[in-house]
Amino acid sequence: MNCRSEVLEVSVEGRQVDEAMLALLHTILLHRSTGKFHYKKEGTYSIGTVGTHDVDCDFIDFSFVRVTSDELDRVIRKAVAEFKDALGNSGSDGMGQISVEFYQKKKSRWPFSDECIPWEVWSIKVNVVNLANEQERQICREKVGEKLGEKVINIVEVINRHEYLPKMPTQSEVDNVFDTSLKDVQPYLYKITYQITDSLGTSVSTTMRRLIKDTLAL
């Protein structure tokens, strides 16, 4: 099975890191989650509804939709907070990458542990820019909002393609495909990881600075 890989690139001000990452990760998880499965008997089940919630950003002119699950929100916020702290402590000019990997488990015979097979990975490359004054911050607030809107549309377009998804499991195999630990939603099995690096390149940062400069010149 080939693992799909998608890469998104964003350039943000330091105070925008949390909201930008939450917007993108929540958008991905929204489209990779289902309602809870309720099994009546093996092979027969119903699926609960997934509630949604609008979130307005404080430092970006942008709103996004997330699953109405405080448990899932806490997991994502914890990962984003750790990523932001690592970015701030790295001394690597504020460049890093946070990824969400979807996988399924394949049972192995004792004494081996289960094999985790990834089927889709989303990587978000982040570059933190330093701005000189409040005027530049206001422009960045608007431009980042526009870019996030483009990224969300891109995410939805990719997810709506007819490509591989794990088949719906039987009751005995549901934990091999879905995270059943949450009480109100059931995302596909996933893990969020990050890395801090100075080798992501400066193309995104340069583009953001050019956008700001061009807007100031108008």
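Note that this is a predicted model, so its numbers are computed, not measured.

Engineer: Is there a simple way to explain the pattern of salt bridges in this structure?
Structural biologist: Pairs can form between side chains of opposite charge whenever their charged atoms are close. Counted according to the given criterion, the structure contains 16 salt bridges. For arginine 66, the salt bridge goes to aspartate 73, with nearest N and O atoms at 3.9 Å. Of the charged contacts in the structure, one is a salt bridge between arginine 137 and glutamate 134, with a shortest N-O distance of 3.7 Å. Residue arginine 137 and its partner glutamate 134 are both found in helix 3 (residues 134-159); the two are separated by three residues, about one turn of the helix. Where salt bridges share partners, they join Arg4, Glu6, Arg32, Glu120, Arg161 and Glu163 into one cluster.

Engineer: Whenever I open this one, helix 2 (residues 70-90) confuses me. Can you help?
Structural biologist: Every α-helix carries 3.6 residues per turn, so stepping three or four residues along brings you back to the same face. For helix 2, spanning 21 residues, the distance from its first C-alpha to its last is 30 Å, which sits close to the expected 30 Å at 1.5 Å a residue. Among the structural elements, helix 1 (17-30), strand 2 (33-34), strand 6 (63-67), strand 7 (95-106), strand 8 (115-129) and strand 10 (190-196) are those in contact with the buried residues of helix 2.

Engineer: When you look at the packing of aromatic side chains in this model, what are you seeing that I'm missing?
Structural biologist: Pairs of aromatic rings are described using the distance from one ring centre to the other and the angle between the two planes. A full pass over the atoms with the stated rule returns 10 aromatic pairs. The interplanar angle of 55 degrees and the centroid separation of 6.0 Å between the aromatic rings of phenylalanine 37 and tyrosine 39 together place this pair among those described as tilted. Neither phenylalanine 37 nor tyrosine 39 differs from the other in exposure class; each is buried. Ring geometry for phenylalanine 178 and tyrosine 188: centres 4.6 Å apart, planes at 25 degrees, overall stacked. Separated by 10 residues along the polypeptide, phenylalanine 178 in the loop between helix 3 and strand 9 (186-187) and tyrosine 188 in the loop between strand 9 and strand 10 bring together distant segments of the chain. Pair check on accessibility: phenylalanine 178 and tyrosine 188 agree, each one buried.

Engineer: Explain the sheet that holds strand 1 (residues 4-13) here, please?
Structural biologist: Where strands meet in a sheet, backbone hydrogen bonds hold them as pairs that are either parallel or antiparallel. Spatially, the four strands line up as an open sheet ordered 1-8-7-10, and their pairing is mixed. The sheet terminates laterally at strand 1 and strand 10, the two strands that pair on one side only. Geometrically, the sheet is characterised by an average inter-axis angle of 20 degrees between neighbouring strands, direction not taken into account. Both strand 1 and strand 8 contribute to a ladder of 10 bridges, which runs parallel. Bridged to glutamate 6 within strand 8 is tryptophan 122. In this fold helix 2 packs onto strand 7, strand 8 and strand 10, with an angle of close to 10 degrees to the strand it touches most, strand 10. The strands touched by helix 3 are strand 1 and strand 8; relative to strand 1, the strand with the most contacts, the crossing angle is about 170 degrees.

So, how was this worked out
Residues numbered from 1 in each chain as written. Predicted model: local features only at pLDDT ≥ 70, side-chain atom pairs only at ≥ 80, totals over all residues. Heavy atoms only, no water. Salt bridge = Lys/Arg side-chain N within 4 Å of Asp/Glu carboxyl O. Helix = DSSP H or I, 4+ residues; strand = E, 2+ residues; numbered from the N terminus. Expected span 1.5 Å × (residues − 1). Contact = heavy atoms within 4.5 Å. Phe/Tyr/Trp six-rings, centres within 6.5 Å; stacked < 30°, edge-to-face > 60°. Buried < 20%, exposed > 50% of the residue type's maximum accessible area, 1.4 Å probe, protein only. Pairing = 2+ DSSP bridges. Axes fitted to C-alpha atoms, helices over the stretch in contact; angles between N-to-C directions.

By themselves, these observations are geometric and do not establish any function.
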